[in-house]
Amino acid sequence: LYKRSKKVDLAGKKAQLALLKRNGVTVSLSKLREVVEMSLPFFHNQKRSPQPLTYSKRILRLLGVSSPSDALARAFTEVYYSSRLRGGLKRSLAPGAHSLLNKASSKGIILGVITDNDSSWCKEWIRKLKLPISKDLILVSHEVSARKSSRKPFNVFFKKVRERLPKIHPWEILMVGNHARDLNASKAGFKTCYYNPFNRSLDKLQITPDYVIGHFRELEKVVLV
C-alpha cells in the first residue's frame, strides 16, 4: 500500500542526520545510506523479529555510536517515520489503492495489514489516511515476534480473522505484497498476489503467486467480481 518516495526518504534521513549532530555525532548522508543498505538484509531476512530498537541500534553502531541508548535509538527511528507522515501523506499511497480499499470495504470484505517493521508507524499512517482497515488486523512484525519470512504472522492473522468469521478457510484470504517474503502466506494456505508496478523479473521468486498485478485497479477484477 505504501508508495516509497525518494523525496520523503531523503527528508527522513536528513532528520536523522540532524538528530545525530545534536547528539555530537557527525555523519555524511552517503555514509548513512551505505549503512542502511548494508543493514537491510539483516532487517528483512530473519524469521524471528528482534526487539523494536534492534535495527536502529545496529545502524547507530555502524555509524560509530558505540553503545546507543534506547532513547537515542527510539528518537532515531521516530524522526525518520515522522518525516514520512508529514511528507506528502496522500501521495504516499500506491496508485489505485484508496479506490480499491473503499470498494472492497463497501462490499463487506475484511481488510488488514501485515508488515515487517521495527516501528508501529504504519498504524498512525493508516489512521491519518482514514483507510478502512481494522486496527486489530494491523499486524506489525515486532508485535507478533516474527517476520514474513516465517509463517507465524500469517497464522496469527488467520486466527484474528477467524474470530470474526469462524467458518472462513485460509484460501479465502488473499495476501497482496511487493516482496518475495509476502508470498510465504501461501504456506499458511492463503492465496497470494504479487504487486509488481515496476515489472521486475519473476525468475527469482521461489514461490509462484496466484496473481500478478502492476496497478491496484487490476486487483479489482480479482476481488470485486
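Residues numbered from 1 in each chain as written. Predicted model: local features only at pLDDT ≥ 70, side-chain atom pairs only at ≥ 80, totals over all residues. Heavy atoms only, no water.

**Details of the packing of aromatic side chains**
In plain terms, the rule: Pairing of aromatic side chains here covers Phe, Tyr and the six-membered ring of Trp, requires ring centres within 6.5 Å, and sorts the geometry by plane angle: under 30 degrees stacked, over 60 edge-to-face, intermediate tilted. Segments assigned H or I by DSSP are reported as helices when at least four residues long, segments assigned E as strands when at least two residues long, and all are numbered from the N terminus. Each residue is placed in one exposure class: buried if its accessible area under a 1.4 Å probe, protein chains only, is under 20% of its type's maximum, exposed if it is over 50%, and partly exposed if it falls in between.
Applying the stated rule across the entire model yields 7 aromatic pairs. On the numbers, 5.5 Å between centres and 70° between planes, the contact of Y2 with W125 is edge-to-face. A residue pair is termed long-range when its members are at least 10 positions apart, and Y2 in the segment before helix 1 (6–22) and W125 in helix 6 (residues 121–129) qualify at 123 residues. Using a relative accessible area of 4% as the deciding quantity, one classes W125 as buried. Grouped by ring-pair contacts, the aromatic residues Y2, Y80, Y81, W121 and W125 constitute a single cluster.

**Brief notes about unusual backbone geometry**
Its identity is not glycine, yet S145 carries a phi of approximately 60°, on the positive side. Summarising the element assignment, S145 is placed in the loop between helix 7 (141–144) and helix 8 (152–164). Positive phi outside glycine occurs at N199, with the angle close to 55°. Mapped onto the elements of the fold, N199 is located in the loop between strand 4 (191–195) and strand 5 (211–213).

**A word on helix 5 (residues 97–106)**
Rules: Comment: arc refers to directions from the helix axis out to C-beta atoms. For this analysis, residues touch if any pair of their heavy atoms sits within 4.5 Å.
When helix 5 is considered as a whole, its buried residues turn out to be A97, L100, L101 and A104. Taken end-on, helix 5 shows its buried residues confined to a sector of 95°, consistent with a single buried face. In the core, the buried residues of helix 5 are packed alongside helix 9 (216–223). Of the residues trailing helix 5, G108 is marked for its positive phi of about 85°.

**Digging into the side chain of Q16**
Looking at where Q16 falls in the secondary structure, it is placed in helix 1. We classify Q16 as buried; its relative accessible area is 7%. Non-local contacts of Q16, meaning those with residues more than four positions away in its chain, are made with L32, F76, V79 and Y80.

Shape descriptors only; they carry no functional weight alone.
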